[in-house]
Every structure is written in C-alpha cells, then in structure tokens.
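Structure at a glance
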Amino acid sequence: MSREEILEKTKGVIFDCFPDLKNQELTEDTVINTDTGIDSMGFVLVICKLEALFDIRIPERQWKKLQTLGDVVDAIARRLA
Amino acid sequence: MRFDSFEQMLSHLAETAPDAPALRYEEKTLSFSELKQAVDARAATLRAEGKTCLGLLCDGSLDCVVEIFAASLAGLQLVMLNASLDTGTLRTLVRYTDVDTLWGEEDLKEDLELALMEGVKNGAGKILFFTSGTTEQAKAVVLTDYSLCQSAWNGSAKLPLSPADNLLCLLPLDHVFGFVCGLLWGLSCGACVSLGRGARHYLDDCDFYRPTAVSVVPMLLGFLLKQNCLNPELGLVLVGAGDCPRELLELAEARGLHVCFGYGLTETSSGVAISVRGDPFAMEVCPDDTVTIAEDGEVLIQAPTCMMQGYYKRPDSTHEVLRDGVLYTGDLGCIDENGLLHITGRKKDVLVLPDGTKLFLPDYESALMKTLEHTELAVILIHDRPALVFSGEATPAALSEKLRPLMRRLPRGNQIAEIIVVHEPLPRTATGKIKRWELRQKVTDHA
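One structure accompanies this document, and this report is about it.

Calculation notes
Residues numbered from 1 in each chain as written. Chains lettered and ligands numbered in written order. Predicted model: local features only at pLDDT ≥ 70, side-chain atom pairs only at ≥ 80, totals over all residues. Core = buried A, V, L, I, M, F, W, Y, C linked by C-beta atoms within 7 Å. Buried ≥ 20, exposed ≤ 12 C-beta atoms within 10 Å, placed from the backbone. Contact = placed C-beta atoms within 7 Å. Pairing = 2+ DSSP bridges. Helix = DSSP H or I, 4+ residues; strand = E, 2+ residues; numbered from the N terminus. Axes fitted to C-alpha atoms, helices over the stretch in contact; angles between N-to-C directions. Nonpolar A, V, L, I, M, F, W, Y, C, P; charged D, E, K, R; others polar. Parallel < 35°, antiparallel > 145°, perpendicular 65-115°, else oblique. Left-handed = near helix turned anticlockwise from the far one by under 90°.

Describing the nonpolar core
Residue and element names in this part refer to chain B. In this structure, L56, L78, M80, L128 and V193 are the most contacted members of the largest nonpolar core, which totals 132 residues. Setting aside its immediate chain neighbours within four residues, V193 contacts A22, L23, L167, C169, L183, G186 and L187. Y364, L368, I420 and L439 belong to the second-largest nonpolar core, a separate cluster that totals 14 residues.

Rendered as structure tokens:
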C-alpha cells in the first residue's frame, strides 16, 4: 500500500471519529494534538481503529511519539512492509 | 474486612473463599487459593535471589499483580514504575530509588540494567509510588503494605463491595488510585478484580469482563460514556484522581449509574473522602481520617493509619507538607453544614503576585480559553508577572490583539505580560493536569 493510500485511510478514520474535523485540511505535517484538538483519549480511539483497519499493532510505548499524521503514517507503513 | 498486610489479606481470602475468583486477566482466572500459591512460590524465588529493592515496570497483567504481592511478602522494597515513561526518565527513577532488580518487559529491563544500584537496607514493607508532579518534580512517596491495606479498608467502609462484585481495574497500578481503588478495594472485599488489558481495550473491556463496578479518572469516564461502551451490569462508578466536570457525573447518573467521587492523595495512600449518596461532590470523610480546613482554605489531613512515611530521601520536602502528623495538601476546600467535604480548587494553582493580589488559575485560564477559543494554554509566572504559554499555531501579536478586550477588564497587575507560543503539547500528568513545574522549566530553558 502506498504512503498516500495510508494517509487517506488514516484521514478517513479521523473524520469518522471526529466529524467536526471534516472541513479541516489534514496533511502529514498536521500536529495531532495542537492542530486537530484531538485529546489523548481521542488519540487512543483513532489508533485502535487504525490498528483494526490495517490489522497491525503499534506498541503502546510508541504512541506518545506519534506527534504528526506523518508519524502515524510512518508507524503504519513500517508494520505493513 | 481490615487487614494489616498483603500476606494477611491473601491468607485470609485463600482460607475463607479458596475457590472464589480473585483475578481475571484476558482469558485466565485465578482463584484466591491459586493467587496465594502463585504469590508464595514467587516470593520464595525472590527471597532466594537475595535482592532488596525491586523496580516494577507495571503492565497491569496478572503476573504483575503476583509480583507486587510476592515482592512485599519477600521483604523487598518495591518501586512502582510507569513502564511507558521514556527510558532516560526511568533510569533516573531507578537510580534515585536504589533499585537493584527489575521486573517487566525484557527489552526495557535491558535498557535500564546499567542504572541498577546496590539496593537498600530496611526496605521491607515499603512501596514507593511517584506523585503525578503536577506542580513540582515527581517525588517518590514511601507507603507500606499496611498503609495501603488501611486505605482500602477506609474506602470500603464507606463504599463496600460484595464477593459477588466484579471490579474492573482500568487504571495503571503504578498510580496509587489505580492500585488501591482498582485492585485492593476489590480484593479486600473478596470481590473478583478484572485487570484491564491496556488502553487499546478501553473500548471493549467492559463488554469482555462484564464488571459491576469500575474505578476511573474523569477523562476515562468521559471517553467510556461518549463511546457508549459501558455494559448493562455495571452499577457503580468510582471517579477520582482529578477534577471532574459536574456535567460528566450527571451524564453518568442519567444512565442509571451510581457515581461516587473520591478525594485523596498519593501521600495518604489514596482516598480520604468519598461521596456515597446525593451530591457527588459532597464527600464523607473516611473513618480513619480527620479533615480540617486552615484559615486560608487549605485542606489539612490527619490520617494516622494511611499517611506516607515521607518522600524518599527528601526530608526537607517531607517537612514542607507533613508536620506533626498533619498533611498540608495544597488543595482548597470547605466543610458544609452536614460535615461533608467539598474541594474548591488547588492552592498551588493560585499565583501570588508581587502586589499581594492572587490569580486563581482555573478561573483565569478558563477566561483566556474562552476568549482565544483554544484550550491548550497555561498561565505561569515569569519575572513575577503572569505569562501566557500558548500551545498551537498563532503569533503573540495576534493573540495579544484577541486578548485586548479581556485584559482591559482586569487590574493592571493581573494582565498578561508576556505571550509565549510553543508548538509542542503542554506537559500533562496522566490525569490531564498541566505539569506547571515542567512547563516553567521548559519555558525558562528556551529563554
């Protein structure tokens, strides 16, 4: 799966979880915490949905390192490779 | 029932209810007799190894719980560590607490091996929990299995569970509220404790374990309610370890849940007051504790059975808050005409300005948030003047312009004197409180 496809699917999950963000442009540089207003529990929700969607597991110790959408895409891409 | 030690609690339950379920984790269940056997066997191994101070990298698993009780029975000093902290911080904590052996994930243990120390003398019965460090650098609070058992009894005297109950433990065990109210509370009442399977299972743990009671922090309660993942058998929710919006408790009660709110500190081995009926913010003081209010509104606690021994290797810090058996909590509160405790704020969230006026930060920051339509901000003192730290994308000039109408309504000394924009999230504790000490440090370092 290409990086662009992962990003699009990730954005899809975020929009499903937080419909209010649909009008916001999300890019790999988007900082999840400050740019989207997604709090730590919201982040758990997104990660759980992404893990289920891509059938992967990102260790909990890594979660706090995922600051931008690009970081999330990286983490997913590494596990799909 | 009141127990004086983990050993006494486990022995009693293994004798009186040997086949009753004690712990559940994933598909596995341990009865009280099986739990006692597992703990005894592991304690024997630990004794044979001859170590004196165990750093426990908590993962909340069944083995983790067995290790906690076994280390205590074997006479080791036990240090409860949050395994999700970065390795550098964990190394510092391991050194500070004299850990000479570790339990936890193998990779992490390897990373920490070089930090191991020579252990301790006279550590038996001591269990160290770290404070959340909301306003200062985290400190290790020295508790004991005795104080923790008393705390569990203290809470259950107000809010008992029955052996038929199934308590879901979703909170980390390295947090004293999670340990006492998520684990010991259930076990000491002879109830089954279901151990949560980590953050990725917040959505389905209730469905999986079908608990009748759960202990949560406010943020987690909000999440569970919003995602509608509470099971119908669930009747009792104990909320603690942080300020909880009234709307959230009302929402939970509207769903038929009995919601209780607890107040306590790591220094008092968890809860000292709890609401059991009526207004969830009007709390009855637990039987072993005495709460008084100082002239300036500070909540003072005497808790002879549950009080900490002190902060580990920090006698000066201990003396600052604990004098003549009285804990100066730094929280503000009042006692109503019915003798119920209400917490109204945090003394340490009050900024005292050079002209003697005080800024009550929750109110002040709330006004700033409303004006700026942004919640990721904090006010700290820089050069004795209030400074706004804003986390996000904006320029100080634009923020200043937006704040102008609000500032015009405030006394000059209370007005924001400096705006600092940062692009990383504000440092927060596990319960969402801003770590002001760390924030101040970061901002100062930047300058």
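Section: the sheet that holds strand β23 (residues 377-382) of chain B
Residue and element names in this part refer to chain B. Across the sheet, 3 strands lie side by side as β23-β24-β25; this open sheet has mixed pairing. Only two strands of the sheet have a single neighbouring strand rather than two, namely β23 and β25 (418-422). Averaged over all pairs of adjacent strands, the angle between strand axes in this sheet comes to 30°, irrespective of strand direction. When strand β24 (residues 385-391) meets β25, the two strands line up parallel, connected through 5 bridges. The residue bridging L388 from the neighbouring strand is I419, located in β25. With respect to the sheet, helix α12 (residues 361-372) is in contact with β23 and β24, its orientation differing from that of β23 by roughly 125°.

Overview of the interface of chain B and chain A
With 16 residues of chain B at the contact, the number on the chain A side is 10 residues. Counting residues per element, the side of chain B that touches chain A draws most heavily on helix α9 (residues 218-226) of chain B, which supplies 3 residues. Residues belonging to the side of chain B that touches chain A are distributed by class as follows: 7 nonpolar, 6 polar and 3 charged.

A look at the packing of α9(B) against helix α10 (residues 246-254) of chain B
Residue and element names in this part refer to chain B. It is the contact of α9 with α10, at a shortest axis distance of 10 Å, that shows an interaxial angle of 45°. Considered as vectors, α9 and α10 are oriented oblique to each other. The element α9 and its partner α10 pack so that their crossing is left-handed. Here P218, L221, G222 and L225 of α9 come into contact with α10, specifically with L248, L251 and A252. Of the residues contributing to the contact of α9 with α10, the split by class is 6 nonpolar, 1 polar and no charged.

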